[in-house]
Amino acid sequence: MSSTWIACTLNALLISAAAVVAEPPKPVEEIPGKVVAVLDGDSLTLQRADETKITVRLEGIDAPEWKQPYGEKAKKALAALVMSKDVTVRKTGEDKYGRTLGVVLAGGEEVGLQLVQSGAAWHFKKYNSDKRLAAAEEQARTGKQGLWADDNAVAPWDYRARQMVPETDLPT
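These numbers come from a predicted model, not from an experiment. (Residues numbered from 1 in each chain as written. Predicted model: local features only at pLDDT ≥ 70, side-chain atom pairs only at ≥ 80, totals over all residues. Heavy atoms only, no water.)

**Details of the packing of aromatic side chains**
A full pass over the atoms with the stated rule returns 4 aromatic pairs. Taking 5.1 Å as the distance between ring centres and 65° as the angle between the ring planes, the aromatic pair formed by Trp 122 and Trp 148 counts as edge-to-face. Separated by 26 residues along the polypeptide, Trp 122 in strand β8 (residues 122-123) and Trp 148 in the loop between α4 (131-142) and α5 (156-163) bring together distant segments of the chain. Here Trp 122 and Trp 148 have matching classes, each one buried. Measuring from centroid to centroid gives 4.9 Å for Phe 124 and Tyr 127, while their planes differ by 85°, and the two rings are edge-to-face. (Phe/Tyr/Trp six-rings, centres within 6.5 Å; stacked < 30°, edge-to-face > 60°. Helix = DSSP H or I, 4+ residues; strand = E, 2+ residues; numbered from the N terminus. Buried < 20%, exposed > 50% of the residue type's maximum accessible area, 1.4 Å probe, protein only.)

In structure tokens:
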């Protein structure tokens, strides 16, 4: 085997892997229900028709932690969009904490996209490649919307790393 063939094969594999990673998550199930609690700026509790409750983490976004600057405002922004409303969750999977991951629709609108557009959340690029979320974040940054009014805004994943705060550190 020549080194050129190996290099070409590895290059092809890397390009193929990048294409797979670039695909946004596909919904595996649609879950209708009513939002009965907003836990923070990117998590909520959904009550299904059968009265069971599930914790939902919004797909593709990461909002400031509740102890972080803008954390309470992010929670209020999510609550204004979904609290006590009927929504549909397009489940994309589960996170490592067992929460349902999904795109939340309220009144036919994508809640996560609205939060990013208003500057209440970041696009969580590490786990999501949705170009609309990336464009919405860039527009919010440029327009200094919401948390972007602070030139020193700290991404939640950086805050958690500095504070050693797990993603599930929610207020009680």
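**Things to note about empty space enclosed by the protein**
Across all of its chains, the model carries 2 cavities of 30 Å³ or more by this definition. Taken as a whole, the largest cavity holds about 40 Å³ of empty space. Along its surface, the largest cavity is lined by 10 residues, and Asp 40, Asp 42, Asp 62, Glu 65 and Arg 160 are the ones closest to its centre. Among the residues forming the lining of the largest cavity, the class breakdown is 2 nonpolar, no polar and 8 charged. (1 Å grid on protein atoms, 1.4 Å probe; cavity = no way out; pocket = protein on both sides within 12 Å on 5 of 7 lines; lining within 4 Å. Points joined across faces, edges and corners; volume = space filled by probe spheres on them. Nonpolar A, V, L, I, M, F, W, Y, C, P; charged D, E, K, R; others polar.)

**Some words on the nonpolar core**
In terms of nonpolar packing, the biggest core is built from 25 residues, with Leu 44, Leu 46, Leu 58, Val 82, Val 104, Val 111 and Leu 115 touching the most fellow members. Put simply, the parts of the chain that give this core at least two residues each are β1 (29-40), β2 (43-47), β3 (53-58), α2 (71-82), β5 (86-94), β6 (100-106), α3 (111-117) and α4. Residue contributions to this core peak at 4 residues, all from α3. Aside from chain neighbours lying at most four places away, what touches Leu 46 is Ile 31, Pro 32, Gly 33, Lys 34, Val 35, Thr 52, Lys 53, Ile 54, Val 56, Val 87 and Val 89. Core analysis: the second largest hydrophobic core is formed by 5 residues, Trp 122, Leu 147, Trp 148 and Ala 155 among them. (Core = buried A, V, L, I, M, F, W, Y, C linked by side-chain atoms within 4.5 Å. Contact = heavy atoms within 4.5 Å.)

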